[in-house]
Amino acid sequence: MVAVTEMLTDPLMQRALLVALLVGLAAPVVGTYLVQRRLSLLGDGIGHVALTGVAVGWLAGSVAGVTPHDALAVPGAVVFAVIGAVAIEVVRSKGRTSGDVALALLFYGGIAGGVLIMSLAGGSSANLVGYLFGSISTVSGADLALTVALAALVLGVGLGLRTAFFAVSHDEEFARAAGLPVRALNVTIAVVAALTVTVAMRVVGVLLVSALMIVPVAVAQLVTSSFRRTMAVAMAVGVVVCLAGLTITYFHDASPGATIVVLAIGAYVLAAAARPLVRRARRAASRDPHPDVPDDVLVAPARAEEAG
Amino acid sequence: MTAAIDARGVVVDLGGAPIVRGVDLAVAEGEAVALLGANGSGKSTLVRALLGAVPLAAGSVHLLGAPLGPRVPWAEVGYVPQRVSAAGGVPATAEEVVLSGLLHGRRLRPPRRGRARALEALAAVGLADAADVAVRTLSGGQQQRVLIARALARRPRLLLLDEPVAGVDVPSQRAFADVLGRLVAEGTTVLVVLHELGALGGLVQRAVVLRHGAVVHDGAPPRPAPEHAGEGHEHVHPHDGEEPARETDVAPAVRW
């Protein structure tokens, strides 16, 4: 108990817990739309591009002589992630290159470019590992402010335009025929996804960023039947695994990002195992799922007529 | 009387192939028109072009008096696509799908009484009980009715339907014909793509027949081609993919 109080009064840990809470809330909101659009790997692609942005920011910072020399890394990631996300969306909507090839190009280009530019900028492999796997234990006051602002933006847009995002993600052609600004909405989702990636990058690193967006949604859709509840349950799962993972690594020396993602996967396994039991209970309580429609064929004896 | 749909010289190319080749189509307000033609004659593509869902290669379209674009009063235009586009990865209830039908260019959030209107529209297609059921667990016919409810929720003045009763069970077809009959009586303009007139035959005042992307008939609803009129005739629709859907004729009691 003393240890928990100590953890909660440690200012470094307070900042880290707040960032984890915000990321746990925001990432699954965007993840829900990505899963619905069958673009689960989009976050990964953006994360890889964000690494190039980190390296470019780093290079710009060391050339300009700003202190600390990585002050421009996160802004660089934001810029590159947004450009990358919009580029993926344009390629997807034009349908010129198939989506998975476009994503593959971004994956490899992003990582290779990031590592190359990082070495040009004089960064060490320890710096690189911080961005690849997260470095939540070193969140500064400025990082926290940026995280709060971006998370508020992601939550505001992601929840506020929920029905419109649902409409374009569920049935793009209907949305277009209904007069919805489909392209603007698609680009907005891509930009919000990019912002989420740069926020979550701090917690789990670019290599695992997509897991925080997608795995809570995968857990939620095992146990829900509506879009709204899927999003709500995913947000709850995201918050719980982020806070639990961070707390565990406060007491035991382990990578916070990896611990959080392993916890999320564990939640998925548990939900998948519990699902048949829930289904059985629900089925026992519910009615016959078949619509009450008379037979199309005459079957002797005419059961339906006798009963009626 | 103004034209609800006024399309002139509409040409649509998809992947370099001319799918619709110079179609003129005028539908007056309050009229109920069937768009007929064989599979692959360009009916669905024409409807999608009328709604701006596929680009025009040539020609012009006016809907409810405005040129295709943001000036069309989209809130008053309803569309029922042929099939649920591949259901997304996340479950959604019938009510959520219908609620999305209330949005348009000037409304990105559902109106305050949106839920009540969604439930009303579901009740109109006989699915009031299914509001909270995940769409993916409904039968094909019920899913089609959810899409019809999604178009009805916005209380359209102009309704475009793409084979709304293909693969729908006979009672659902009749229920749908009643709903549509009521809308037509109230003055809703209807353009409905059909493979054959069937249960909706009594509702339409005019039929336009497409062949190879061009209009070959525009006038009184034609009689079905002889080989389609037989009692035991079965349609197998190539676009139905997964299961060879048997189109339900209304009259016969035995369809196997």
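That block above? That's the structure.
Residues numbered from 1 in each chain as written. Chains lettered and ligands numbered in written order. Predicted model: local features only at pLDDT ≥ 70, side-chain atom pairs only at ≥ 80, totals over all residues. Heavy atoms only, no water.

Trainee: For the overall build of chain A, give the residues involved together with the corresponding values.
Mentor: On a plain count of helices and strands, chain A comes out with 14 helices and zero strands. Shown N-terminal to C-terminal, the secondary structure of chain A runs as helices and strands in the order α-α-α-α-α-α-α-α-α-α-α-α-α-α. Out of the 308 residues belonging to chain A, those deemed buried represent 46%. Once local pairs closer than 6 in sequence are excluded, the contacts in chain A between residues at least 24 apart make up 76%. (Helix = DSSP H or I, 4+ residues; strand = E, 2+ residues; numbered from the N terminus. Buried < 20%, exposed > 50% of the residue type's maximum accessible area, 1.4 Å probe, protein only. Contact = heavy atoms within 4.5 Å.)

Trainee: Hey, could you go over the packing of helix α11 (residues 209–223) of chain A against helix α12 (residues 227–251) of chain A for me, with residue numbers and the actual values?
Mentor: Residues and elements named next belong to chain A. Closest axis-to-axis distance for the α11/α12 pair is 8 Å, and the angle between their directions is 125°. As judged from the angle between their axes, α11 and α12 are oblique. Viewed along their axes, α11 and α12 form a crossing whose handedness is right-handed. Taken together, the residues of α12 that come into contact with α11 (itself represented by Leu212, Pro216, Val217, Val219, Ala220, Gln221 and Val223) are Thr230, Val233, Ala234, Val237, Gly238 and Cys242. (Axes fitted to C-alpha atoms, helices over the stretch in contact; angles between N-to-C directions. Parallel < 35°, antiparallel > 145°, perpendicular 65-115°, else oblique. Left-handed = near helix turned anticlockwise from the far one by under 90°.)

Trainee: Give me the sheet that holds strand β3 (residues 32–37) of chain B: which residues, what numbers.
Mentor: Residue and element names in this part refer to chain B. Within the open sheet, the six strands sit side by side as β6-β7-β8-β3-β9-β10. Their pairing is mixed. Single-partner strands in this sheet number two, and they are β6 (77–80) and β10 (214–219). Each strand axis lies, on average, 15° off the axis of its neighbour in the sheet, ignoring direction. In the sheet, strand β7 (residues 158–162) pairs with strand β8 (residues 189–193) via five bridges, with the strands oriented parallel. Within the sheet, the bridge partner assigned to Leu160 lies in β8 and is Leu191. On the sheet, helix α4 (residues 140–152) packs against β6 and β7 and is oriented at approximately 170° with respect to β6. On top of the sheet, helix α5 (residues 170–185) reaches β3, β7 and β8; it is set at about 155° to β7, its chief contact. (Pairing = 2+ DSSP bridges.)

Trainee: Can you lay out the interface of chain A and chain B for me, pointing to particular residues and giving the numbers?
Mentor: Chain A puts 36 residues into the contact, and the matching count from chain B is 40 residues. Carbon and sulfur atoms make up 59% of the surface buried where chain A meets chain B, a total of about 3,300 Å² over both sides. At the boundary of chain A with chain B, the tally comes to three salt bridges. For the salt bridge of Arg48 of chain B with Glu173 of chain A, the shortest nitrogen-to-oxygen distance reads 3.0 Å. For the pair chain A and chain B, the interface holds nine residue pairs in polar contact (both at pLDDT 80 or more). (Buried area = accessible area lost by both parts, 1.4 Å probe. Salt bridge = Lys/Arg side-chain N within 4 Å of Asp/Glu carboxyl O. Polar contact = N/O pair within 3.5 Å; in protein donor to acceptor, adjacent residues only side chain to side chain.)

Trainee: Now, about the sheet that holds strand β2 (residues 17–28) of chain B: what can you tell me, with residues and values included?
Mentor: Whether parallel or antiparallel, the strands of a sheet pair through hydrogen bonds between backbone atoms. All names here are of chain B. Across the sheet, four strands lie side by side as β2-β1-β4-β5; this open sheet has antiparallel pairing. In the strand order of this sheet, the two ends are held by β2 and β5 (66–67), each with one partner. Relative to strand β4 (residues 58–63), strand β1 (residues 3–14) runs antiparallel, the two sharing five bridges. Paired with Ile5 across the two strands is Leu63, which belongs to β4.

Trainee: Let's hear about unusual backbone geometry: which residues, and what values?
Mentor: A positive phi is found at Arg38 of chain A, a non-glycine position, where the angle reads about 60°. Mapped onto the secondary structure, Arg38 of chain A falls in the loop between α2 (11–36) and α3 (42–64). The phi angle at Glu163 of chain B is positive, at roughly 45°, despite the residue not being glycine. If you trace the backbone, Glu163 of chain B turns up in the loop between β7 and α5. The class for Glu163 of chain B is buried, based on a relative accessible area of 4%.

Trainee: Describe the environment of Arg145 of chain B, listing the residues and the values that go with them.
Mentor: Residue and element names in this part refer to chain B. In this structure, Arg145 sits in helix α4. Along the primary structure Arg145 and Val168 are separated by 23 residues, whereas in three dimensions their C-alpha atoms are 8.6 Å apart. Excluding its chain neighbours within four sequence positions, the residues that come into contact with Arg145 are Val125, Gly126, Leu127 and Ser172. Within polar-contact distance, the side chain of Arg145 engages the backbone oxygen of Val125 at 3.0 Å. Within the structure, the side chain of Arg145 is placed 3.5 Å from the backbone oxygen of Gly126, a separation counted as a polar contact.

Trainee: Give a detailed account of the pairing of β3 of chain B, specifying residues and quantitative values.
Mentor: Among the six residues in β3 of chain B, six count as buried, and that is most of the element. In β3 of chain B, alternate side chains face the same way, and those of Ala32, Ala34 and Leu36 of chain B on one face and Val33, Leu35 and Gly37 of chain B on the other are all buried.

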